[in-house]
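The residues making up each chain are set out below.
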Amino acid sequence: MDKFIAHILVVDDDDGIRSLVKKYLNENNFLVTTADSAENASEKISIIKFDLIILDIMMPGKNGLEFIKDHKKKLDTPIILLTAKGEANERVEGLEVGADDYLPKPFEPKELILRIKNILNKTIKTEQVRIIEFENVKIDLNKLLIIKNDNEFKINNTEKIILEKMINNPGKTFSRENIGQLIELDKERSIDVIITRLRKKIEIDPKNPKFLQTIRGAGYVLWIE
(Lines give C-alpha, C1' and ligand atoms only; values in the text may rest on other atoms or scores of the structure.)
Protein backbone atom coordinates (compact mmCIF):
# COMPACT_ATOMS: atom_id res chain seq x y z
CA MET A 1 0.00 0.00 0.00
CA ASP A 2 2.96 2.34 -0.42
CA LYS A 3 1.53 4.26 -3.39
CA PHE A 4 -2.20 3.91 -2.96
CA ILE A 5 -3.99 6.27 -0.54
CA ALA A 6 -7.20 4.56 0.53
CA HIS A 7 -10.29 6.71 1.08
CA ILE A 8 -12.34 5.54 4.08
CA LEU A 9 -15.84 6.55 5.18
CA VAL A 10 -16.38 6.53 8.97
CA VAL A 11 -20.06 6.36 9.97
CA ASP A 12 -20.91 6.88 13.64
CA ASP A 13 -23.39 9.12 15.47
CA ASP A 14 -20.89 9.65 18.32
CA ASP A 15 -18.90 12.82 17.60
CA GLY A 16 -16.05 11.74 19.86
CA ILE A 17 -15.57 8.32 18.26
CA ARG A 18 -15.88 9.79 14.77
CA SER A 19 -13.22 12.42 15.48
CA LEU A 20 -10.82 10.00 17.17
CA VAL A 21 -11.08 7.40 14.39
CA LYS A 22 -10.58 10.08 11.73
CA LYS A 23 -7.53 11.47 13.55
CA TYR A 24 -5.93 8.06 13.94
CA LEU A 25 -6.60 7.04 10.34
CA ASN A 26 -5.20 10.35 9.06
CA GLU A 27 -2.06 9.75 11.12
CA ASN A 28 -1.73 6.39 9.38
CA ASN A 29 -1.94 7.92 5.90
CA PHE A 30 -5.57 7.19 5.11
CA LEU A 31 -7.90 9.71 3.53
CA VAL A 32 -11.06 10.00 5.66
CA THR A 33 -14.59 11.29 5.21
CA THR A 34 -17.13 11.08 8.04
CA ALA A 35 -20.90 10.77 8.34
CA ASP A 36 -23.02 11.06 11.50
CA SER A 37 -25.90 8.86 10.33
CA ALA A 38 -26.81 6.16 7.82
CA GLU A 39 -28.77 8.74 5.86
CA ASN A 40 -25.76 11.06 5.69
CA ALA A 41 -23.57 8.10 4.67
CA SER A 42 -25.96 7.30 1.83
CA GLU A 43 -25.54 10.84 0.52
CA LYS A 44 -21.76 10.54 0.68
CA ILE A 45 -21.55 7.20 -1.17
CA SER A 46 -23.78 8.57 -3.92
CA ILE A 47 -21.05 11.03 -4.90
CA ILE A 48 -17.81 9.42 -3.64
CA LYS A 49 -16.27 6.03 -4.40
CA PHE A 50 -14.82 4.83 -1.09
CA ASP A 51 -12.31 2.02 -0.62
CA LEU A 52 -13.72 0.93 2.76
CA ILE A 53 -16.51 1.86 5.18
CA ILE A 54 -16.28 1.75 8.98
CA LEU A 55 -19.88 1.52 10.17
CA ASP A 56 -21.43 1.71 13.64
CA ILE A 57 -24.40 -0.63 14.11
CA MET A 58 -26.46 1.29 16.67
CA MET A 59 -27.44 4.73 15.37
CA PRO A 60 -30.62 6.81 15.62
CA GLY A 61 -32.89 6.49 12.61
CA LYS A 62 -31.64 3.86 10.20
CA ASN A 63 -29.09 1.57 11.87
CA GLY A 64 -25.95 0.07 10.38
CA LEU A 65 -27.56 -3.25 9.48
CA GLU A 66 -30.33 -1.49 7.59
CA PHE A 67 -27.72 0.57 5.77
CA ILE A 68 -25.94 -2.60 4.63
CA LYS A 69 -29.19 -4.21 3.50
CA ASP A 70 -30.05 -1.10 1.49
CA HIS A 71 -26.69 -0.78 -0.23
CA LYS A 72 -24.69 -4.00 -0.24
CA LYS A 73 -26.23 -5.43 -3.42
CA LYS A 74 -25.21 -2.36 -5.40
CA LEU A 75 -22.14 -1.51 -3.34
CA ASP A 76 -18.93 -3.52 -3.57
CA THR A 77 -17.14 -1.48 -0.89
CA PRO A 78 -15.90 -3.59 2.06
CA ILE A 79 -17.46 -2.78 5.44
CA ILE A 80 -16.11 -3.09 8.98
CA LEU A 81 -18.79 -2.96 11.67
CA LEU A 82 -18.26 -1.26 15.02
CA THR A 83 -20.36 -3.02 17.66
CA ALA A 84 -20.99 -2.78 21.40
CA LYS A 85 -19.92 -5.74 23.52
CA GLY A 86 -23.46 -7.03 23.95
CA GLU A 87 -24.36 -7.04 20.27
CA ALA A 88 -23.27 -10.58 19.40
CA ASN A 89 -26.46 -11.30 17.45
CA GLU A 90 -26.07 -8.08 15.47
CA ARG A 91 -22.47 -8.99 14.60
CA VAL A 92 -23.59 -12.32 13.18
CA GLU A 93 -26.43 -10.70 11.27
CA GLY A 94 -24.04 -8.05 9.97
CA LEU A 95 -21.73 -10.69 8.55
CA GLU A 96 -24.70 -12.55 7.09
CA VAL A 97 -26.01 -9.49 5.23
CA GLY A 98 -22.63 -8.58 3.82
CA ALA A 99 -20.24 -6.94 6.30
CA ASP A 100 -16.63 -8.05 5.86
CA ASP A 101 -15.47 -7.80 9.47
CA TYR A 102 -16.44 -6.39 12.86
CA LEU A 103 -14.70 -4.82 15.81
CA PRO A 104 -16.28 -4.60 19.31
CA LYS A 105 -16.16 -1.30 21.21
CA PRO A 106 -14.01 -0.23 22.93
CA PHE A 107 -11.22 -1.21 20.56
CA GLU A 108 -7.52 -0.64 20.18
CA PRO A 109 -6.80 1.75 17.28
CA LYS A 110 -3.89 -0.45 16.18
CA GLU A 111 -6.25 -3.40 15.80
CA LEU A 112 -8.56 -1.31 13.62
CA ILE A 113 -5.63 -0.36 11.38
CA LEU A 114 -4.59 -4.01 11.06
CA ARG A 115 -8.11 -5.06 10.11
CA ILE A 116 -8.35 -2.25 7.55
CA LYS A 117 -5.03 -3.18 5.95
CA ASN A 118 -5.96 -6.86 5.91
CA ILE A 119 -9.15 -6.14 3.98
CA LEU A 120 -7.59 -3.62 1.61
CA ASN A 121 -4.75 -5.99 0.77
CA LYS A 122 -7.41 -8.44 -0.44
CA THR A 123 -9.61 -5.99 -2.28
CA ILE A 124 -7.25 -3.41 -3.80
CA LYS A 125 -4.54 -4.07 -6.32
CA THR A 126 -1.63 -2.00 -5.06
CA GLU A 127 -0.14 -1.80 -8.53
CA GLN A 128 -3.20 -0.06 -9.93
CA VAL A 129 -2.29 3.27 -11.47
CA ARG A 130 -4.64 6.22 -11.40
CA ILE A 131 -3.16 8.51 -14.01
CA ILE A 132 -4.97 10.67 -16.54
CA GLU A 133 -3.32 12.60 -19.38
CA PHE A 134 -4.83 15.24 -21.65
CA GLU A 135 -2.95 17.59 -23.96
CA ASN A 136 0.11 18.79 -21.99
CA VAL A 137 -1.29 17.84 -18.58
CA LYS A 138 -0.71 14.65 -16.58
CA ILE A 139 -2.53 14.02 -13.29
CA ASP A 140 -1.13 11.26 -11.08
CA LEU A 141 -3.52 10.66 -8.18
CA ASN A 142 -1.24 8.05 -6.65
CA LYS A 143 1.65 10.49 -6.31
CA LEU A 144 -0.61 13.51 -5.66
CA LEU A 145 1.06 15.26 -8.55
CA ILE A 146 0.14 17.32 -11.61
CA ILE A 147 2.69 17.71 -14.39
CA LYS A 148 2.03 20.54 -16.85
CA ASN A 149 4.51 21.34 -19.60
CA ASP A 150 7.23 19.55 -17.59
CA ASN A 151 6.45 21.61 -14.46
CA GLU A 152 5.41 19.67 -11.35
CA PHE A 153 2.67 20.78 -8.96
CA LYS A 154 1.82 18.94 -5.75
CA ILE A 155 -1.85 18.49 -4.88
CA ASN A 156 -3.21 17.99 -1.39
CA ASN A 157 -5.81 15.44 -0.31
CA THR A 158 -8.67 17.90 -0.67
CA GLU A 159 -7.70 18.65 -4.27
CA LYS A 160 -7.21 14.94 -4.89
CA ILE A 161 -10.76 14.11 -3.76
CA ILE A 162 -12.26 16.71 -6.09
CA LEU A 163 -10.13 15.71 -9.06
CA GLU A 164 -10.76 12.00 -8.56
CA LYS A 165 -14.53 12.50 -8.57
CA MET A 166 -14.44 14.79 -11.60
CA ILE A 167 -12.08 12.51 -13.55
CA ASN A 168 -14.45 9.60 -12.94
CA ASN A 169 -17.36 11.75 -14.16
CA PRO A 170 -16.04 13.84 -17.07
CA GLY A 171 -18.57 16.34 -18.32
CA LYS A 172 -20.69 16.17 -15.17
CA THR A 173 -21.42 19.45 -13.42
CA PHE A 174 -20.70 19.54 -9.67
CA SER A 175 -22.39 22.23 -7.63
CA ARG A 176 -20.61 23.93 -4.76
CA GLU A 177 -22.86 21.90 -2.47
CA ASN A 178 -21.70 18.65 -4.14
CA ILE A 179 -18.07 19.63 -3.74
CA GLY A 180 -18.67 20.76 -0.16
CA GLN A 181 -20.04 17.32 0.68
CA LEU A 182 -17.02 15.67 -0.91
CA ILE A 183 -14.51 17.59 1.17
CA GLU A 184 -16.68 18.34 4.23
CA LEU A 185 -16.59 22.08 3.69
CA ASP A 186 -19.67 24.32 3.55
CA LYS A 187 -18.06 27.69 2.77
CA GLU A 188 -18.67 28.54 -0.89
CA ARG A 189 -15.86 31.09 -1.00
CA SER A 190 -13.35 28.49 0.22
CA ILE A 191 -14.52 26.05 -2.48
CA ASP A 192 -14.01 28.75 -5.13
CA VAL A 193 -10.49 29.31 -3.82
CA ILE A 194 -9.70 25.57 -4.12
CA ILE A 195 -10.99 25.51 -7.71
CA THR A 196 -8.91 28.58 -8.56
CA ARG A 197 -5.84 26.86 -7.09
CA LEU A 198 -6.49 23.74 -9.17
CA ARG A 199 -6.87 25.81 -12.32
CA LYS A 200 -3.42 27.32 -11.78
CA LYS A 201 -2.02 23.78 -11.74
CA ILE A 202 -4.04 22.39 -14.66
CA GLU A 203 -4.77 25.22 -17.08
CA ILE A 204 -2.37 26.83 -19.53
CA ASP A 205 -4.35 30.05 -19.04
CA PRO A 206 -6.10 29.82 -15.63
CA LYS A 207 -8.10 33.01 -16.27
CA ASN A 208 -9.60 31.42 -19.39
CA PRO A 209 -9.98 27.77 -18.35
CA LYS A 210 -10.34 25.15 -21.03
CA PHE A 211 -10.65 22.04 -18.85
CA LEU A 212 -11.96 23.00 -15.39
CA GLN A 213 -14.81 25.29 -16.35
CA THR A 214 -17.53 27.18 -14.52
CA ILE A 215 -21.13 26.49 -15.48
CA ARG A 216 -22.89 29.72 -14.54
CA GLY A 217 -25.46 29.16 -11.80
CA ALA A 218 -24.71 25.43 -11.63
CA GLY A 219 -21.14 24.75 -10.53
CA TYR A 220 -17.97 23.32 -12.04
CA VAL A 221 -17.21 20.72 -14.69
CA LEU A 222 -14.04 18.99 -15.90
CA TRP A 223 -13.75 18.50 -19.68
CA ILE A 224 -10.99 16.02 -20.51
CA GLU A 225 -12.39 14.13 -23.48
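Preceding this paragraph is the structure being described.
Residues numbered from 1 in each chain as written. Predicted model: local features only at pLDDT ≥ 70, side-chain atom pairs only at ≥ 80, totals over all residues. Heavy atoms only, no water.

Let us look at the overall build of the chain. Each helix and strand in the chain was counted, giving 8 helices and 11 strands. Taking 225 residues into account, the globule formula puts the C-alpha radius of gyration at 17 Å, and the chain, at 19 Å, falls close to it. Considering only C-alpha atoms, the chain reaches an extent of 60 × 35 × 30 Å along its principal axes. In the chain, buried positions account for 47% of the 225 residues. Contacts in the chain between residues at least 24 apart in sequence constitute 58% of all its contacts with a sequence separation of at least 6. Accessible surface, the chain: about 11900 Å² in total, of which carbon and sulfur atoms supply 47%. Averaged over its 37 positive side-chain charges, the chain has a centre that lies 5 Å from the centre of its 38 negative ones. (Helix = DSSP H or I, 4+ residues; strand = E, 2+ residues; numbered from the N terminus. Rg over C-alpha atoms; globule rule 2.2 N^0.38 Å. Buried < 20%, exposed > 50% of the residue type's maximum accessible area, 1.4 Å probe, protein only. Contact = heavy atoms within 4.5 Å. Areas by Shrake-Rupley, 256 points an atom, 1.4 Å probe, with all protein chains shown as cover. Lys, Arg positive; Asp, Glu negative; His and termini not counted. Charge placed at Lys NZ, Arg CZ, Asp CG, Glu CD.)

The two faces of the sheet receive side chains in turn, since in a regular strand these alternate between them. One ladder, built from 4 bridges, connects strand β6 (residues 131–134) with strand β7 (residues 137–140); its direction is antiparallel. Residue isoleucine 131 lies in a different strand from β7, and its bridge partner there is aspartate 140. (Pairing = 2+ DSSP bridges.)

Within the largest apolar cluster, 48 residues are counted, with the highest numbers of intra-cluster contacts made by Ile53, Leu55, Ile139, Leu163 and Ile179. Of all hydrophobic cores here, the second largest spans 17 residues; its members include Ile54, Ile80, Leu112 and Leu120. (Core = buried A, V, L, I, M, F, W, Y, C linked by side-chain atoms within 4.5 Å.)

Negative charge collects at one region of the surface, where Glu39, Glu43, Glu66 and Glu177 lie side by side. Judged by its relative accessible area of 37%, glutamate 66 falls in the partly exposed class. (Patch = residues over 30% accessible without salt bridge, like charges linked within 9 Å, V, L, I, M, F, W, Y side chains within 5 Å. Salt bridge = Lys/Arg side-chain N within 4 Å of Asp/Glu carboxyl O.)

Counted residue by residue, strand β1 (residues 7–11) has 5 buried out of 5 residues, so it is predominantly covered. Of the two faces of β1, both are covered, the one formed by His7, Leu9 and Val11 as well as the one formed by Ile8 and Val10. As judged from the 5 bridges shared by β1 and strand β2 (residues 31–35), these two strands associate in the parallel manner. Note that in β2 the partner of valine 11 across the bridge is alanine 35. You can see the chain leave β1, run along helix α1 (residues 15–27) and come back into β2, and the turn it takes is right-handed. (Right-handed = clockwise from strand over helix to strand, strands pointing away.)

Contact geometry of α1 with helix α5 (residues 109–123) gives a least axis separation of 11 Å together with a crossing angle of 60°. Considering their axes alone, α1 and α5 lie oblique with respect to each other. The handedness of the crossing between α1 and α5 is right-handed. Of the residues in α5, those touching α1 at Val21, Tyr24 and Leu25 are Pro109, Lys110, Leu112, Ile113 and Ile116. When the residues that make up the contact of α1 with α5 are grouped by side-chain class, the tally is 7 nonpolar, no polar and 1 charged. (Axes fitted to C-alpha atoms, helices over the stretch in contact; angles between N-to-C directions. Parallel < 35°, antiparallel > 145°, perpendicular 65-115°, else oblique. Left-handed = near helix turned anticlockwise from the far one by under 90°. Nonpolar A, V, L, I, M, F, W, Y, C, P; charged D, E, K, R; others polar.)

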